[in-house]
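Here is what each chain is made of, one letter per residue.
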Amino acid sequence: MATLVSTTDLVKEFPLHGSLFDVFSARRKRVHAVDRVSFSIAEGEVLGLAGESGSGKSTTGRLLLRLIEPTSGAVEYRGRNVTSFSARELERLREKVQIVFQDPNSSLSPRMSVGQAITHPLQIHGIGTTVERKERVLDLMEKVGLSPAEFLYRKYPHQLSGGQSQRVVLARALVTQPDFLVADEPIAMADVSVRALILQLMRQLKRDMGLTYLFITHDLATAKYLCDRIAVMYLGRIVELASRDTLFSRPHHPYTKALLAAVPVPDPKARRDKNLPKGEIPSAINPPSGCHFHPRCPYAVARCREARPPLREIAPGQFSACILD
Amino acid sequence: MPQLEKTILEVQDLSIAYPITIGVVRAVEGVSFTLDDGEALGLVGESGCGKSTLGLSILKLHRPPGRVTGGKILYRGTDILSMSDRALLKMRGQNISMIFQNPLTSLNPLFTVEKHFLETIHFHDASMPRERARAAVGKMLETLGIEKKRLKEYPHQLSGGMRQRIMIGLALIMNPDIIIADEPTTSLDVIVEAGFTDLLMSLRSIYKLSIILITHNLGLVAEIADRIAVMYAGRLMEVATTEEIFAHPLHPYTQGLIACVPNILVDQKELVTMPGSPPDLVDRPAGCPFAPRCPQVIPICRQKTPALIQHAPSHSAACWLYRQKEG
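First, a word on scope: everything that follows refers to the structure included in this document. All values reported here derive from a predicted model rather than from experimental measurement. (Residues numbered from 1 in each chain as written. Chains lettered and ligands numbered in written order. Predicted model: local features only at pLDDT ≥ 70, side-chain atom pairs only at ≥ 80, totals over all residues.)

This part is about the overall build of chain B. Of the regular secondary structure elements, chain B holds 11 helices and 12 strands. In terms of its C-alpha atoms, chain B occupies a principal-axis envelope of roughly 65 × 50 × 40 Å. Looking at chain B residue by residue over its 327 residues, the buried ones come to 45%. When contacts within chain B are restricted to residue pairs at least 6 apart in sequence, long-range pairs at least 24 apart make up 64% of them. (Helix = DSSP H or I, 4+ residues; strand = E, 2+ residues; numbered from the N terminus. Buried ≥ 20, exposed ≤ 12 C-beta atoms within 10 Å, placed from the backbone. Contact = placed C-beta atoms within 7 Å.)

What follows is the structure, encoded as structure tokens:
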């Protein structure tokens, strides 16, 4: 299948505001949020971006839409380099490329009714007449389970349940009929029963509307349910990238293994031995040399400290940034 | 029922309500359960089901305007709700302790780790010599696996996992029998969460603790709890051993809750979903609170509220489906 979105050596560094002296010096500290990340997403695919807080997964998602500017590297959408787009081209791109954030309540304006919020993108992009817009919005609201649509159209965010708010955010992202959606932890704030409903809805919308997703999550169990392929990030780098089945049955990178072992399983009979890595994720300001994971890795050897291990194909379709076999 | 010696905490028919302008929010309604000495009980439910209010009320810390409208909370036979303020201050920390979700809001940003510990000790035992207090702190740090140099650090210098370790250390420093942990790992990453779970389990055996774990995370309770109580709209829907509840959930709400959680070890083609949302706690409909969402609803469910009835040894459920079968 054709590649829809891809990144090449994407880098994002955030300068830190230290003392005034530091601002002018070359020693200015930086947070290495995303460190040479490359991947591609095929049309109709769901790529999962998994990792702990601070791994750079959300920053990567924002870079894809150019909500923030990359320090270096390229993002391509349908073969065109998004990083060199003009403001006008960018505006047109955002009709086709959309994002949904974690907290629906902070993504919705309390002063806009559900109808206004979902219609807004159509106004921005000048799509349809007033009558057509309303028809399209009501139709989409039914599709995402905001029913009865006519009734909810007039409601304000504070009158909605958590599940309904997340549906409004989804509908707003999908109203311009995009083909690519970045979903940044869309269910992290939701209750257990709401999570299942939103996941199921996202799967159904993908089928019905021919969508492609980048699904950002810290929860590997949800990634397993929704994603075709999964990239695991650690301190700004992809450490493993593989198909869903391969990643869960034959994880290669020690970090992936640790992450999988740590996931609590809702089954008391499945209590497993957890060989947990030592300590916590280090600071991205001054990350460890070589493989970022080496200080915590149970298999680390001297070589791991020296150079960044390349992401290499260790089996067909499975890429791992670990020098060990 | 005669009070068994092994029961350390007993909640009897507890109801808590919050009067607000438009009515009364019945956050907890007629909840009864027991906690055995050394047992870990998981209190599971979704947001707004009353599990945190229930947890706080055990320390009589439920926030105003919330008030207990009925029932008792017996700690070793003494009703906590009728204790004097002075007795409560002593009880909190020495008998029953609590860990909250967000350690950063529970720690004082102006206190070092050491000051947090020493203050706690001196609050409960002003006469303890400083040297003995320091020794106790040192020993606790060792148990928690924290380096001594951390004593001089402030909360902002610690990672999330480290802060949560300090929190549990503070909760345990006065040697309580019961720990109430309210979503203790929600702000932690999975690997840190797993480390915290391991620590909690080892502390449990070292200190012979009884634990009440309040959480929405079914994976976490499956790993920690011996018994699970499922809460919905302020009521207990089902109480059973952890094995029982996962293997043979009786209540349709429990069944739905378990089925809708993605499990990393299982290949799920479709998740089971529960449409609808919990009822308004101000205008409680008559009958079982889950009836409007229940796939197995029968007429009586909408008329009368089912009581929590024992259906098998250590397995109770509040559901008309099972009452009917028994006639």
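Two elements in contact, helix 12 (residues 254–262) of chain A and helix 7 (residues 190–207) of chain B, have axes separated by 8 Å at closest approach and are oriented at 50 degrees. Viewed along their axes, helix 12 of chain A and helix 7 of chain B adopt a mutual orientation that is oblique. For the crossing formed where helix 12 of chain A meets helix 7 of chain B, the hand is left-handed. Packed against helix 12 of chain A, whose contacting residues are A258(A), L259(A) and A262(A), the element helix 7 of chain B presents V190(B), I191(B), E193(B) and A194(B) at the interface. When the residues that make up the contact of helix 12 of chain A with helix 7 of chain B are grouped by side-chain class, the tally is six nonpolar, no polar and one charged. (Axes fitted to C-alpha atoms, helices over the stretch in contact; angles between N-to-C directions. Parallel < 35°, antiparallel > 145°, perpendicular 65-115°, else oblique. Left-handed = near helix turned anticlockwise from the far one by under 90°. Nonpolar A, V, L, I, M, F, W, Y, C, P; charged D, E, K, R; others polar.)

Strands in a sheet are paired, the pairing made by backbone hydrogen bonds, and the direction either parallel or antiparallel. All names here are of chain A. Strand order in this open sheet of eight strands is 6-7-8-3-9-10-12-11, and the pairing throughout is mixed. Each edge of the sheet is formed by a strand with only one pairing partner; in this case those strands are strand 6 (97–100) and strand 11 (312–315). Each adjacent strand pair in this sheet contributes to an overall mean axis angle of 20 degrees, direction not counted. Sheet topology places strand 11 next to strand 12 (residues 318–320); three bridges connect them, and they run antiparallel. Its bridge partner being in strand 12, E313 is matched across the sheet by F319. Lying on the sheet, helix 12 is in contact with strand 9 (229–234) and strand 10 (237–243); it crosses strand 9 at an angle near 100 degrees. (Pairing = 2+ DSSP bridges.)

This brings us to the interface of chain B and chain A. In this assembly, 37 residues from chain B lie in contact with 33 residues from chain A. Where the side of chain B that touches chain A is concerned, the elements lending two or more residues are helix 7, helix 8 (218–224), helix 9 (242–247) and helix 10 (252–259) of chain B. With six residues, the single largest contributor to the side of chain B that touches chain A is helix 7 of chain B. Residues that form the side of chain B that touches chain A fall into these classes: 19 nonpolar, 13 polar and five charged.

Attention shifts here to the nonpolar core. Of all hydrophobic cores here, the largest spans 184 residues; its most connected members are A171(A), V232(A), L213(B) and V230(B). Aside from chain neighbours lying at most four places away, what touches A171(A) is I118(A), L140(A), M141(A), V144(A) and L146(A). (Core = buried A, V, L, I, M, F, W, Y, C linked by C-beta atoms within 7 Å.)

All names here are of chain A. Taken together, the four strands give an open sheet; going across it, the order is 2-1-4-5, and neighbouring strands pair in antiparallel fashion. Looking along the sheet, the strands with just one partner apiece sit at the ends: strand 2 (30–42) and strand 5 (80–81). Bridge count for strand 4 (residues 72–77) against strand 5 is two bridges, and the pairing is antiparallel. Directly across from Y77, in strand 5, lies its bridge partner R80.

Attention now goes to the pairing of strand 3 (residues 46–50) of chain A. All names here are of chain A. Across the five residues that make up strand 3, a large majority, five, are buried. Because side chains alternate across strand 3, one face comprises the buried residues V46, G48 and A50, and the other comprises L47 and L49, equally buried. In terms of strand pairing, strand 3 meets strand 8 (residues 212–217) through five bridges, oriented parallel. Pairing of V46 across the sheet is with Y213, part of strand 8. Where strand 3 and strand 9 come together, four bridges link them in parallel fashion.

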